[in-house]
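Listed here are the chains, written in short residue letters.
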Amino acid sequence: MGTEEGNEQVSASRKHLVFAYYVTGHGFGHATRVVEVVQHLIYAGHDVHVVTGAPDFVFTTEIQSPKLFLRKLVLDCGAVQADALTVDRLASLEKYSETAVVPRASILATEVEWLNSIKADLVVSDVVPVACRAAADAGIRSVCVTNFSWDFIYAEYVMAAGHHHRTTVWQIAEDYSHCEFLIRLPGYCPMPAFRDVMDVPLVVRRLHKSRKEVRKELGIGDDVKVVILNFGGQPGGWNLKEECLPSGWLCLVCGASDDQNLPPNFIKLAKAAYTPDLIAASDCMLGKIGYGTVSEALAYKLPFVFVRRDYFNEEPFLRNMLEYYQGGVEMIRRDLLTGRWKPYLERAISLKPCYEGGINGGEVAARILQDTAVGKNYTADKLSGARRLRDAIVLGYQLQRVPGRDICIPDWYSNAENEFGLRTGSPTAEMTETRSHIMSYTEDFNILHGDLQGLSDTMTFLKSLAELDAVYDSGKTKEKHWMRERMAAAGIFNWEEEIFVARAPGRLDVVGGIADYSGSLVLQMPIREACHVAVQTNHPSKHKLWKHTQARQNAKGQGPTPVLQIVSYGSELSNRGPTFDMDLTDFMDGGQPISFQKAKEYFARDPSQRWAAYVAGAILVLMTELGMRFENSISMLVSSAVPEGKGVSSSASVEVASMSAIAAAHGLDISPRELALLCQKVENHIVGAPCGVMDQMASACGEANKLLAMICQPAEVIGLVDIPNHIRFWGIDSGIRHSIGGADYGSVRVGAFMGQKMIKSGACALLTQSSSSANGNTEELEEGAVELLQTEASLDYLCNLSPHRYAALYFKMLPDSILGEAFLDQYSDHSDPVTIIDKKRTYGVRAAARHPIYENFRVKAFKALLTSAASDDQLTALGELLYQCHYSYSACGLGSDGTDGLVQLVQQMQQKKNSNTEDGTLYGAKITGGGSGGTVCVIGRNCLRSSQQILEIQQRYKGATGYLPFLFEGSSPGAGKFGYLRIRRRHPPNFN
């Protein structure tokens, strides 16, 4: 039987052969591509025994032949999915151990006996590890056909799940090493375990019907736009809505359940429907990235709107291939679930996918397998060692990457094949080159120092830098604010000189909050949103000045002097000026830096430019604390994606990014901890906000997908706490603007320090009283009592007092509140260097002092629970601690209707749980940071159902308040982990 479209068939062998073809238990994609190879082997007259867990119809729909034998057996489990978009890494390793490791001896004995019984000539695996070892034990050659291997996939899971699973990866790699060679498919991952490689084109199922025939059968006109929803394992309870699609569009739904009700513009397809025909009859596809979806989208030039999957490590390599051939549009998960599909679909149909490579990989692979089975030797690759070394290095690169960042495939990995004079069936080499043109950060800048770390926001920032020259043509945009900011930014950089770029994220206060200034343990997570700052220094004579700055210098008649010029993007969002400039000599008085108080007054003169204190204040702090002097002019561009006023440390991210960039540009090596403490001085003394150091520490010292554990005495990092795989944190913005400089936060801080002073005074009185009652003989006192009282009499941080001591001795001593004047008359001062007591104001004391004492205990309990065994009780206890924290904030007067409403919505979700939705429950929530509005932190299971509940809360809050909350999801590295970039423009623009 010949193949379709004029391709040559696999020549019939003179010898009748028997193939044993093992298929992984991971999804249907492997089975469908195996069908394409198997049918060519059967066409050539051979018997094929397929070992699979896939349903029979996957094979029998395409192959009706007595030479096909199906044996139902699963010898590996693939990746276990927590839901449709998330892989459960620990469960995957445990399931593999249960499936293939524990019964290994029995499996090998059974398979050797079976292979001999069918008299197999060749064992083929896609890509079951133990099949290769069984073949070797049976004395039969084996070949693998795949684009990835399980040692590559599982290796990263081991990094997250624990080294006790590492022998699993070693065993898998050892099994693969028994394989004769690998038939490697396009979009491949590093696979160093295989001794030799043969590359083939895409393995794609062929079409049975034309586009016109399929549309006619479905009753769809040629002019109707159609998207095919090819989304295996759809989320339970997912409600598809008519408004998901642009007007006039239709959606073909694969894999819909029998009881799923669809809107009129959605068409439910039969389970056995032949997907390739339907794909070719559509205008674009929406789904998850996998080999089957990507290969068929490329083969039939169908734009593919895709959603990323968590911990699906094959995906970046397939995504690279898809994007190289201009066939992919990424949709964020939130928009998939909420039905905001229209812009993605409309973008997709404007693409022109350009894959022109072969799609007869099934035929080519079958021919290689047949030749191997009759004794032909394909293992003559003299450069196999170099290939395996490259693969091994990239595998190590993958394992050592910063958690939470995407995989950036190194240029040399793909380019090395051309250097060795090899050509493969994968487009990876050209892909990298073309991608660098698409991602113009590599085209427009030489990166002389630093690592992008796969951070898409950093790539976008560099892209915006590269495009600054375009704004000189004011006709290119009608957005006046956008043009104003970028015109200003384009005018301050000398494109022939180096630029330094730093990045610092905001943070989600998981637990600890305002107790930081009282010395509490805190747990903070750096969020995905971050601030970028670009800095350039130039000699004053060469510095590009704005016209008004030049005029000011001319008026002074002093010639060129060092100038600071700052541009801040997003000024229209907060009603502030987009630019700021000053002579750096304004920071000097009599040869010495001016005081922080004078600087505070300097920046407060113009409210529209007061924001500059967060940025320029870093310069004065470096001058004062480190003795720095700035002889050159400084240009700065600030671009922050951390929303202001939402309690996620937008100010700290600006301060940390600004100081990091300034330090890098001037050759200063400041540790992340020291940098955070310096940034706190900016906020406390120059901005005038009485914050603790928690925010700056999280932004500077945090790591992606981990909680920074820190004792704020003043800033001692005690470690990074891994977030367990089954737990996830979200931030939900209440829409009520939070300000750490607001009166409520400051008054609660004053009240806490008042309480500390009263407790110390009370301890002194108790010590004196105890001493007197013992007639001066301290030995008569209860053992340890004197030492405890002495410690409490000199209490340096309120959190060093245990809850039981507070409840037993000091609770009744503290008043509910006290007038500032009365406190000062009795105690003189409250020993807080960053707040001032207003004599006419009444301050709450008891609640303000109690909160940090009990919060410190809650944080310690929370941290311990995170490392305990995963269970519903664990999550319930963690959630309860968050609830307690929330209501303690409220007792201090730091609550708000909005944040209380969000916490109540979480509680309602939790109370609604039943046996059917238990795995998707949210467990707790609390107000964060300085309180009085801002963001609520939510804890729940890391699964799709929980994400859907978060989106439901978002919509219910909007229904109640009219405000759609901003959601904070994901994490990213802190400024210390990011370091800095030193870049130079490749082709400086000509503005003349």
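Scroll up for the structure.
Residues numbered from 1 in each chain as written. Predicted model: local features only at pLDDT ≥ 70, side-chain atom pairs only at ≥ 80, totals over all residues. Heavy atoms only, no water.

Examining the overall build of the protein
- Assigned secondary structure in the protein consists of 36 helices and 32 strands.
- A separation of at least 24 residues holds for 71% of the contacts in the protein among residues at least 6 apart in sequence.
- Accessible surface, the protein: about 39,200 Å² in total, of which carbon and sulfur atoms supply 50%. (Helix = DSSP H or I, 4+ residues; strand = E, 2+ residues; numbered from the N terminus. Contact = heavy atoms within 4.5 Å. Areas by Shrake-Rupley, 256 points an atom, 1.4 Å probe, with all protein chains shown as cover.)

Quick look at unusual backbone geometry
- Here the bond from Asp 126 into Val 127 is cis, since omega is -20°, no more than 30 degrees from zero.
- For Val 127, the location among the structural elements is in the loop between strand S6 (122-126) and helix H5 (129-138).
- Residue Pro 714 is reached from Gln 713 by a cis peptide bond, and omega for that bond is 0°.
- Here Pro 714 is to be found in the loop between strand S24 (706-711) and strand S25 (716-722).

Structural notes on the sheet that holds strand S31 (residues 967-968)
- The strand order across the open sheet built from 4 strands is S29-S30-S26-S31, with neighbouring strands paired in antiparallel fashion. Looking at the sheet topology across the chains shown, the edges are occupied by strand S29 (922-927) and S31.
- Direction of pairing for strand S26 (residues 727-733) relative to S31: antiparallel, over a ladder of 2 bridges. Across the sheet, residue Ile 732 finds its bridge partner in S31, namely Leu 967.
- Contacts between helix H33 (residues 872-892) and the sheet are confined to S26, S29 and strand S30 (935-941), with S29 contributing the most and set at about 20° to the helix. (Pairing = 2+ DSSP bridges. Axes fitted to C-alpha atoms, helices over the stretch in contact; angles between N-to-C directions.)

Section: the environment of Arg 503
- Within the fold, Arg 503 resides in strand S17 (residues 499-511).
- For the pair Arg 503 and His 532, spaced 29 residues apart in sequence, the C-alpha to C-alpha distance is 4.5 Å.
- The contact partners of Arg 503, leaving out residues within four places of it in the chain, are Leu 455, Asp 457, Thr 458, Arg 528, Ala 530, Cys 531, His 532, Ala 657, Ser 972, Pro 973, Ala 975 and Phe 978.
- A polar contact of 3.2 Å, which involves the side chain of Arg 503, links it to the backbone oxygen of Arg 528.
- Engagement of the side chain of Arg 503 in a polar contact is seen with the backbone oxygen of Pro 973, the distance being 3.2 Å. (Polar contact = N/O pair within 3.5 Å; in protein donor to acceptor, adjacent residues only side chain to side chain.)

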